[in-house]
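Tertiary structure, described
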Amino acid sequence: LPISAFYRPFVAHRHASQALFIRGCVGRGSHVFCRAGMRQPLRIVCFITLALFSSRGDDAAEFPEEDGVLVLSEKNFEVAIKSNPFILVEFFAPWCGHCKQFAPEYAGAAKQLKQANPPIPLAKVDATAELKLAEEYGVRGYPTIRLFIDGRDQEYTGGRTEQSIVTWVLKKAGPPAMQLGEVGQAEAFEKENRLAVVGLFDQATARGAFEQAARQVEDVMFAYSTADDVVAKYGATPPSLKMFFPHDEQSAVFTGNMQSAEEIESFVKAYRHPIVTDFTGETAPELFGDGRPIVFLFRDKDEKGEAAEKAVRKAALAFERRVLVAVAGSSEPMDQRLMDYVSVTPEEMPTARLVTNPMGSMSKFRLVGEVTEDSITALVRDHEAGRLKPYLQSEPVPSNQPGPVHILVGSTFESVVKDPNKDVLVKFYAPWCGHCKKLEPVYTAVAKKLEGISSIVIAKIDATANDVEDVDIEGFPTLKFWRAENKEEPLDYDGDRDVDSFIAWLEEKATHPFSREQGNVEL
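Description of the structure in this document. Fair warning: this is a prediction, and the values are worked out from it, not measured in the lab. (Residues numbered from 1 in each chain as written. Predicted model: local features only at pLDDT ≥ 70, side-chain atom pairs only at ≥ 80, totals over all residues. Heavy atoms only, no water.)

Within a beta sheet, neighbouring strands are joined by backbone hydrogen bonds and run either parallel or antiparallel to one another. Read from one edge to the other, the open sheet built from five strands follows the order β20-β22-β21-β24-β25, with strand pairing classed as mixed. Of all the strands in the sheet, just β20 (406–408) and β25 (486–492) have a single pairing partner and so form its edges. For this sheet, the mean inter-axis angle between neighbouring strands, taken without regard to orientation, is 30°. Relative to strand β21 (residues 423–429), helix α14 (residues 434–449) is tilted by about 160°, and along the sheet it contacts β21, β22 (456–462) and β24 (478–483). (Pairing = 2+ DSSP bridges. Helix = DSSP H or I, 4+ residues; strand = E, 2+ residues; numbered from the N terminus. Axes fitted to C-alpha atoms, helices over the stretch in contact; angles between N-to-C directions. Contact = heavy atoms within 4.5 Å.)

Below, the structure is given as structure tokens:
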């Protein structure tokens with residue numbers, strides 16, 4: 001089974017070291033590599049048919065279950081899809097660590113959605129055993145979960161937690177906002193949904209913008225009412241909107257334009273996170289997918305760390321939710337990956353980084369000095385005023401080049417790679433990446449065979465310890481070729497990963513022709 005990307009981790013990276021968070025083993029064709037990225041939404045897809053719920057009959061009894069999740073195979077897959085108008089199906093691999101982490105969230109969502117009216121089943125397929133199904137539905141990595149709407153795919157864009165799955169599925173299965181006809185329904189809606197938005201309207205007011213915002217914010221449940229007793233419960237004058245959440249103020253009233261979907265959406269997104277969030281595996285995708293700048297405090301749970309956190313929490317109150325603020329430690333694997341991702345060393349703690357556009361061309365800004373309320377306030381203020389320069393990390397310049405592969409660091413990348421007289425192939429790697437280690441002897445052999453050709457450089461850079469601007473790094477290893485004639489548009493290496501293929505590809509792509517005899521190449 002060919003393995004490839006099951007999601008795009010970070011779009012259009014500017015800095016190579018941004019690709020730190022492994023999300024699965026993937027590849028192109030026969031090339032396996034470590035997929036990087038904090039977290040893009042899992043490619044979860046639902047199979048939706050146009051059959052009526054009443055057509056289910058007793059078919060559900062035919063499917064075995066594990067933890068409330070239907071277990072499907074080639075024998076019963078088609079029946080399950082045809083007999084359930086809504087069904088979420090996960091393709092997994094038993095050995096996949098990410099599938100194992102996802103399993104309890106998926107099972108919890110399955111149990112909740114069994115209680116929906118009508119019930120919505122969740123299912124799973126062992127893609128390593130059901131190869132025909134995996135190939136038919138384009139499985140290229142694990143977990144792959146699909147949404148078919150009348151046979152057409154739709155990408156899941158919600159979160160990876162139990163409640164995120166439930167909210168997303170319920171929104172896909174019904175209208176963007178449910179109607180509350182009486183006070184009891186409104187009270188139940190608030191109680192049952194961790195994040196809830198209630199719109200209050202009179203009969204004359206259009207709800208188009210409200211419903212448009214409800215479709216866009218897929219992890220928050222929306223409801224509306226035109227009933228006088230419900231409006232009176234909230235003490236509101238229609239049209240108005242109120243949001244309920246479990247943190248901080250616990251509720252907020254929208255004061256913007258009720259006919260602007262963008263304003264409603266911005267309001268809801270601003271309040272769905274606490275003023276200060278603990279950084280965890282669950283909150284990471286929500287933080288990175290929010291879109292606002294993020295201030296990360298890194299601290300140990302000691303006296304200095306507690307004082308730093310207290311200062312950050314106090315400063316955060318004045319930011320009026322213009323930025324997100326998150327607190328991370330250094331002991332958990334996710335904390336350590338985040339530290340690598342934004343270039344923090346244990347010796348610096350407690351310290352802070354301000355990060356912008358983490359899902360795209362990420363920039364990071366380093367706090368200089370101690371963590372205090374004033375220093376954090378100044379960091380945000382100076383960023384908003386455009387007075388800060390992004391922080392680019394670099395290892396020390398090597399004192400010598402010990403082998404045929406030229407070792408690059410952040411500070412030498414531009415001068416070597418952008419040399420207009422050289423064709424330069426660069427391997428971006430991570431020290432912990434198994435696929436990088438497997439490629440290393442082949443890559444070194446290529447460099448050794450081409451040592452005699454002065455116009456070509458075979459180089460590598462530790463992308464976890466060095467930042468490089470304007471380079472897209474989606475996973476490890478990434479191989480890019482800067483031709484002498486065009487330094488602005490590097491080529492992605494797309495050949496096979498053996499010595500012969502590397503050299504043949506370079507012969508074809510290089511600006512400066514070279515012969516195999518020049519490099520003493522023996523194939």
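This part is about the nonpolar core. Counting residues in each nonpolar core, the largest one holds 21 residues, and the members touching the most others are L72, F77, I87, V89, F91, V125 and Y142. Going through the elements one at a time, β5 (69–72), α1 (77–83), β6 (86–92), β7 (122–126) and α3 (131–136) are the ones with two or more residues in this core. Setting aside residues up to four positions removed in sequence, V125 forms contacts with L72, F77, V89, E90, F91, F92, E130 and L133. (Core = buried A, V, L, I, M, F, W, Y, C linked by side-chain atoms within 4.5 Å. Buried < 20%, exposed > 50% of the residue type's maximum accessible area, 1.4 Å probe, protein only.)

The next point concerns the packing of aromatic side chains. The final tally for this structure, using the stated rule, is 23 aromatic pairs. Ring geometry for F77 versus F91: centroids 6.2 Å apart, planes at 45°, classification tilted. Remark: F91 occurs in strand β6 and F77 occurs in helix α1; sequence separation between them is 14 residues. Taken individually, F77 and F91 each receive the classification buried, so the pair is uniform in this respect. Relative to Y271, the ring of F245 has its centre 5.6 Å away and its plane inclined at 25°; by these criteria the two rings are stacked. Separated by 26 residues along the polypeptide, F245 in the loop between β13 (240–244) and β14 (251–253) and Y271 in helix α8 (residues 261–271) bring together distant segments of the chain. With a relative accessible area of 4%, F245 lands in the buried category. Members of the aromatic cluster, connected to one another through ring pairs, are F279, F288, F296, F298 and Y341. A cation over an aromatic ring shows up here: K233 above the ring of Y234, its NZ or CZ 5.0 Å from the ring centre. The lysine or arginine in question, K427, covers the ring of Y429, its NZ or CZ lying 5.5 Å from the ring centre. (Phe/Tyr/Trp six-rings, centres within 6.5 Å; stacked < 30°, edge-to-face > 60°. Lys NZ or Arg CZ within 6 Å of the ring centre and 35° of its normal.)

What follows is about helix α4 (residues 162–173). Compared with an ideal rise of 1.5 Å per residue, which puts 12 residues at 16 Å, α4 spans 17 Å between its outermost C-alpha atoms and is within 8% of the ideal. Within α4, the full set of buried residues consists of S164, I165, V166, T167, W168, V169 and K171. (Expected span 1.5 Å × (residues − 1).)

Bringing the sheet that holds β14 into the picture now. The five strands are arranged β10-β12-β11-β13-β14 in an open sheet whose pairing can be described as mixed. Two strands bound the open sheet, and with one partner strand each, they are β10 (177–179) and β14. Here the average twist between neighbouring strands, direction ignored, is 20°. Here β10 runs beside strand β12 (residues 221–225); their pairing, made up of three bridges, is parallel. Among the inter-strand pairings, Q179 is bridged to a residue of β12, identified as Y224.

The subject of this paragraph is the packing of helix α6 (residues 208–216) against α8. The geometry of α6 relative to α8 is characterised by a closest axis approach of 8 Å and an angle of 45° between their N-to-C directions. Taken together, the axis directions place α6 and α8 in an arrangement best described as oblique. Read as a crossing pair, α6 and α8 show a hand that is right-handed. Between α6 and α8, the contacting residues are A209, F210, Q212, A213 and Q216 on the first element and A261, E262, I264 and E265 on the second. In terms of residue class, the contact of α6 with α8 is made up of five nonpolar, two polar and two charged. (Parallel < 35°, antiparallel > 145°, perpendicular 65-115°, else oblique. Left-handed = near helix turned anticlockwise from the far one by under 90°. Nonpolar A, V, L, I, M, F, W, Y, C, P; charged D, E, K, R; others polar.)

Attention shifts here to the pattern of salt bridges. One pass over the structure, following the stated rule, counts 28 salt bridges. Of the charged contacts in the structure, one is a salt bridge between E440 and K460, with a shortest N-O distance of 2.9 Å. With E440 in helix α14 and K460 in strand β22, this residue pair connects regions lying 20 residues apart in the sequence. Given the relative accessible area of 23%, E440 is considered partly exposed. In this structure, the salt-bridge partner of D492 is K480, at a minimum N-O distance of 2.6 Å. Placement of D492 in strand β25 and of K480 in strand β24 is noted, with a sequence separation of 12 residues between them. What makes D492 partly exposed here is its relative accessible area of 47%. It is possible to trace a salt-bridge network through shared partners that takes in D219, R272, D290 and R292. (Salt bridge = Lys/Arg side-chain N within 4 Å of Asp/Glu carboxyl O.)

Each packed pair of helices is defined by two parameters, the angle between the axes and the distance between the axes. Between α14 and helix α15 (residues 499–509), the shortest axis-to-axis distance is 9 Å and the interhelical angle comes to 50°. Relative to α15, the element α14 lies oblique. The way α14 lies across α15 gives a crossing that is right-handed. For the pair α14 and α15, contact is made by L439, V442, Y443, A445, V446 and K449 and by V499, F502, I503 and L506, respectively. Taken together, the residues of the contact of α14 with α15 break down into nine nonpolar, no polar and one charged.

For β21, a buried count of seven out of seven residues is recorded, marking the element as mostly surrounded by other parts of the structure. Residues D423, L425, K427 and Y429 of β21 are buried on one face, and the alternating residues V424, V426 and F428, pointing to the opposite face, are buried as well. In this sheet, β22 lies alongside β21 in parallel orientation, the contact comprising seven bridges. Bridging across to β22, L425 finds its partner in I458. Tracing the backbone out of β21, into α14 and back to the parallel element β22 gives a crossover that is right-handed. (Right-handed = clockwise from strand over helix to strand, strands pointing away.)

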